[in-house]
There are 2 protein chains.
Amino acid sequence: MRFAAFFLDGAARAYRHRPTFSKLVLVFAASGGGLVAYADARAEVAAESPGVAPKKKVVVLGTGWAGTTFVKNIDSSSYDVQVISPRNYFAFTPLLPSVTCGTVEPRSIVEPIRKIITKKGGEIKFWEAECFKIDPENKKVYCRSDIGTNLEGNGEFLVDYDYLVIAVGARANTFNTPGVVEHCHFLKEVEDAQKIRRSVMDCFERATLPDLDEEERKRTLHFVVVGGGPTGVEFAAELHDFVSEDLAKLYPTIQDLVKITVIEHGEHILTMFDKRISKFAEEKFQRDGIELKTGFKVVKVSDKTITMENALHGESSVPYGMAVWSTGIGTRPVILDFMKQIGQGNRRALATDEWLRVRECENVCAIGDCATMSQRKVMEDIMEIFRFADKDNSGTLTVKEIQDVLEDICIRYPQVELYLKNKQMSDIVDLIKASKGDVKKEALELNIEEFKNALANVDSLVKNLPATAQVAAQQGNYLARCFNRMKDSEEKPEGPQRITKMGRHRFLPFSYKHFGQFAPLGGEQTAAQLPGDWISIGHSTQWLWYSIYASKQVSWRTRALVISDWTRRFIFGRDSSRI
Amino acid sequence: MRFAAFFLDGAARAYRHRPTFSKLVLVFAASGGGLVAYADARAEVAAESPGVAPKKKVVVLGTGWAGTTFVKNIDSSSYDVQVISPRNYFAFTPLLPSVTCGTVEPRSIVEPIRKIITKKGGEIKFWEAECFKIDPENKKVYCRSDIGTNLEGNGEFLVDYDYLVIAVGARANTFNTPGVVEHCHFLKEVEDAQKIRRSVMDCFERATLPDLDEEERKRTLHFVVVGGGPTGVEFAAELHDFVSEDLAKLYPTIQDLVKITVIEHGEHILTMFDKRISKFAEEKFQRDGIELKTGFKVVKVSDKTITMENALHGESSVPYGMAVWSTGIGTRPVILDFMKQIGQGNRRALATDEWLRVRECENVCAIGDCATMSQRKVMEDIMEIFRFADKDNSGTLTVKEIQDVLEDICIRYPQVELYLKNKQMSDIVDLIKASKGDVKKEALELNIEEFKNALANVDSLVKNLPATAQVAAQQGNYLARCFNRMKDSEEKPEGPQRITKMGRHRFLPFSYKHFGQFAPLGGEQTAAQLPGDWISIGHSTQWLWYSIYASKQVSWRTRALVISDWTRRFIFGRDSSRI
């Protein structure tokens, strides 16, 4: 589940503006026109003056954070951009938990993708369809429209691409736990949030029906959240507020029977946050009467009970009325199939290099939750790095030689810089000294083994980027910029020196800038972990949350709507109608 | 479809305050306590001090205009009121056509019934369930909750009543036309409006898909409205505005292919309005490019074509993308079954008398679209009326004798007053003169035959009330008032003198006051037919519409939301996201 996607635009703009993209560009230049498979495009090609090469076709799959940010930023006068997604809108997913209880209305967090396209001049095409197969060999994607029932044929069509940008996101991960798909709600799409809202109301209406016994009423009003991550925790908090602030008044006879339980496999909730936030959240939930079952793993879900396992206590079952499953993300079938085709069959997500290009596959980039960028390890390239730095081919490196190439190395392998920062070393010399003992800087000279030793631990800092809106949006923005500067970068490459070949990389590799993360905990209290490990908890943070989430809305319309929803909630409360 | 339900509260309050309700009250007094069938009520009965009779149970079926107005106005301290409805909210249905295109959001026109109950002190019980059988013999209703799937048993339960108020409304009437249920949208519920909105967006998204030919695109963008009544016309107008104001910009390549057709069986649309309004609407639709197929009857609907019949041209078929069926109202199955039980099997709606009591059935009242109030005819009672007026038993009536009872007769048979007004007669004497020739007032004396002749035509003015929100709300309000004054009216009956028996009727019969009706025609133009046959058409009427609809909202919350929706539409347009 993507979460806390603030500072997005700002983040994206704040980048260093010299990414590398050379390999991709070489391939781009070689790639041909491709068969134009449909009426619209055919007309366009015919209209082009003869002799002028048609624009390259960029096909974007998905309109989530990654896809939409890419579309917003791509220069549509240089490319023939085609967007394909089963949803004709972009959704501000960090507010999804608020939608589940009616704090914010679903329409307030969505923006039609065509509106975004129209604002850019309207040259981009959009098709509401789902890509169900990618054919990288023939540069085609197979799409299916699932609209209505009376479409001619089966609603399938083919689209050619020159470059493909995969941004289809992820699906909920059930870890193949039996019964989850059948009985649990997920919280990834706007429709999920709407369903949860209806389901919560159903439980309350059901629990008031005349001929139920107390046990059955209690079961019906037991809301279980599986997964103590930010989404699950925020939903539990929202639900608690909804019950205590709104529903208690409307269902006075059953308000005392309501119970909310959060089941988490790990020892604590919100483990991706600082321990102080985890602790605060756990204490607040305890005060609120939200039960925390940490250290429990759900092993089975039936229509009325959830069975879980604990190392100490073994298996136990609890009856429940409604369950929300929010334990992380899994891979979509179309991506699984694509990964098999390109030899990534045993991975959990599509692997890309630091320029967000899919490994083993020409002209295909992948951004957002469907991909993981695998950072090149220093130890894999250690010989090349040594040779690259050893300008005089002496077989040893002087401090000066290292310092000459250090910037390029730090850009290509950001873990090096991170390692120095983490160890509070001001300089590579400190690193060398740490491995070699205290020697004089001028006399310092390293052979390959000593160089290896000095850098032995830096790769431990290579980490996968989190599956958040922040990362996806920054990737979309980065990739669009690379496409836009393709020509310029040919003459003026922006990237670091190549280690193995001559010349520079065309673009700087993608580098993620973390702007912090919020964890709303209900009762107008929010915790935030800001850059530099600043922790902020309480009412004032809730107001920071309000202002940042309002400012980060994708359009003035959604901004106005979200703010008016919050105001409406303050004045009138949340609506409990079952629609 | 209920429509144009303005002036509701005002209307209800403006009533003459002396309705008759005597028969019902007699029965009420005799009726016993009934078996208490469920936990809640059992507890309550136990808590009552011994010797004090428990409150009479009033069960209300439905939370539409009639049911909700009744619940809002009933004195819940005197009755044990239980409300049963499959919808836990009240919907302001006159704004449903606005919801179909996103001018107004669905949540802005609904108010949870529990909120209305809570405002009254919370003594009323509500159950979200559907009544599927009424057993008038045992004074029970059979209900079924359709919430979720994992309720114990089949979700059925029994509720006893002392008095039953049926206000379940009507369903769409397909006239058994084949294919309608399968392929057409209706527009009676909030869910219908939401589905139509999604379906409109589907048609636009489908029509832009790459490999369709022009024919298929045109078919997909052909929107058909069956029924030229207020609802159908308003929907067609809303859709036209949505397309021209919002969608044309977002779907520039297909905007010229859109076509809207209204099919109406009669010779004109909006026939319930003044001819000037009909004409204005037809001309405006022509200017807007909305095709009117008047004089056509739809005989079959398939997934892609609508077949219609015309006296002159015979049968013809048109391809279509989406169709909305809005041709009037039909009877719900539960009412059909109930009517069979009480010997009304061959009627189209539940017949009630002028006090809204179901004929042939004790303690059961019916209000709103599920019922028709059948006005007693003068000619049926002419002998009794004659005898009632002939105080001196002379076998003839003098003018004075007639004038002495005229008020009571006009209240009991409102058609008499209406007839005099229509013929511009100031007095009953004019009526007698008209039938008997010009004689002197003092010398005038009538035997039974002459009396019959004089009143021969008055019954032609007996008309069924329209199935509108206005009527339903006035009935709900009237009935609640009768219940509230039950005791008082025993001592001080409010109604007219009884014709056949001694004494007065307890309450005045229900009398509908028409406050006018609006027909929004799109493009910020509305037509209105106000009382006294005032006609108002144009932009100013649209603003009258805005202000009256805003003022008539059921709560401050919905009022604020509806106004903010209108404002949002003016500033940002309507949202085209498919959620």
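Residues numbered from 1 in each chain as written. Chains lettered and ligands numbered in written order. Predicted model: local features only at pLDDT ≥ 70, side-chain atom pairs only at ≥ 80, totals over all residues. Heavy atoms only, no water.

Draft legend 1. View of the packing of aromatic side chains. Residue and element names in this part refer to chain B. Under the definition given, this model contains 42 aromatic pairs over all chains. Directly above the aromatic system of F296 lies the positively charged group of K293, at a separation of 4.9 Å from the ring centroid. Looking at R569, its charged tip hangs above the ring of F570, at a distance of 4.8 Å from the centre. (Phe/Tyr/Trp six-rings, centres within 6.5 Å; stacked < 30°, edge-to-face > 60°. Lys NZ or Arg CZ within 6 Å of the ring centre and 35° of its normal.)

Draft legend 2. How the structure looks around the sheet that holds strand β26 (residues 534–538) of chain A. Residues and elements named next belong to chain A. Taken in spatial order, the three strands line up as β24-β25-β26 in an open sheet, and their pairing is antiparallel. Unpaired on one side and paired on the other, β24 (517–522) and β26 mark the two borders of the sheet. When the angles between neighbouring strand axes are averaged without regard to direction, this sheet yields 10 degrees. Pairing between β24 and strand β25 (residues 525–530): five bridges, direction antiparallel. Pairing of P520 across the sheet is with T526, part of β25. (Pairing = 2+ DSSP bridges. Helix = DSSP H or I, 4+ residues; strand = E, 2+ residues; numbered from the N terminus. Axes fitted to C-alpha atoms, helices over the stretch in contact; angles between N-to-C directions.)

Draft legend 3. Up close: the nonpolar core. Ranked by size, the top nonpolar core spans 98 residues in total, and within it F70(B), F204(B), F223(B) and F483(B) carry the most contacts. Setting aside its immediate chain neighbours within four residues, F223(B) contacts V200(B), C203(B), F204(B), L239(B), V258(B), K259(B), I260(B), T261(B) and M322(B). By size, the runner-up hydrophobic cluster in this structure holds 96 residues, among which are A66(A), V104(A), L250(A) and L479(A). (Core = buried A, V, L, I, M, F, W, Y, C linked by side-chain atoms within 4.5 Å. Buried < 20%, exposed > 50% of the residue type's maximum accessible area, 1.4 Å probe, protein only. Contact = heavy atoms within 4.5 Å.)

Draft legend 4. Local environment of the side chain of R506(B). Residue and element names in this part refer to chain B. Mapped onto the fold, R506 is located in the loop between α19 (486–491) and β24 (517–522). R506 gets classed as buried once you look at its relative accessible area, which sits at 7%. Of note is the side chain of R506, whose polar atom sits 3.1 Å from the side chain of E490. (Polar contact = N/O pair within 3.5 Å; in protein donor to acceptor, adjacent residues only side chain to side chain.)

Draft legend 5. Looking closely at the UniProt feature "domain: EF-hand" (unreviewed entry) in chain A. Under the UniProt annotation, "domain: EF-hand" (unreviewed entry) lies at residues 377–412 of chain A. Helix makes up 61% of residues 377–412 of chain A and strand makes up 6%, while its end C-alpha atoms are separated by 10 Å. (UniProt positions renumbered as here; feature names shortened; annotations may be inferred.)

Draft legend 6. Broad picture of helix α18 (residues 469–484) of chain B. In a regular helix each residue adds 1.5 Å, so 16 residues correspond to 22 Å; α18(B) covers 22 Å between its end C-alpha atoms and thus fits that length. Where burial is concerned, most of α18(B) is hidden: 15 out of the 16 residues are buried. (Expected span 1.5 Å × (residues − 1).)

Draft legend 7. Focus on the interface of chain A and chain B. The interface of chain A with chain B comprises 56 residues on the first partner and 56 residues on the second. For the chain A and chain B pair, buried surface summed over both sides reaches about 5400 Å², with 56% attributable to carbon and sulfur atoms. If you look at where chain A meets chain B, you find 10 salt bridges. Of the charged contacts in the structure, one is a salt bridge between R578(A) and E128(B), with a shortest N-O distance of 4.0 Å. (Buried area = accessible area lost by both parts, 1.4 Å probe. Salt bridge = Lys/Arg side-chain N within 4 Å of Asp/Glu carboxyl O.)

Draft legend 8. The pairing of strand β12 (residues 259–264) of chain B, seen in detail. Residues and elements named next belong to chain B. A large share of β12 lies buried, amounting to five of its six residues. Note that strand β11 (residues 222–226) and β12 share five bridges and pair parallel. Residue V224 lies in a different strand from β12, and its bridge partner there is T261. The sheet contact formed by β12 and strand β13 (residues 291–294) spans four bridges and is parallel. Looking at β13, one finds that E264 is bridged to T294. As a crossover connection, the stretch from β12 through helix α11 (residues 275–288) into β13 is right-handed. (Right-handed = clockwise from strand over helix to strand, strands pointing away.)

Draft legend 9. Structural detail: the pairing of strand β11 (residues 222–226) of chain A. Residues and elements named next belong to chain A. By the criterion of burial, β11 is predominantly enclosed, with five of the five residues buried. Burial of the side chains of β11 extends over both faces: H222, V224 and V226 are buried on one face and F223 and V225 on the other. With helix α10 (residues 230–250) bridging β11 and its parallel neighbour strand β12 (residues 259–264), the resulting β-α-β unit is right-handed.

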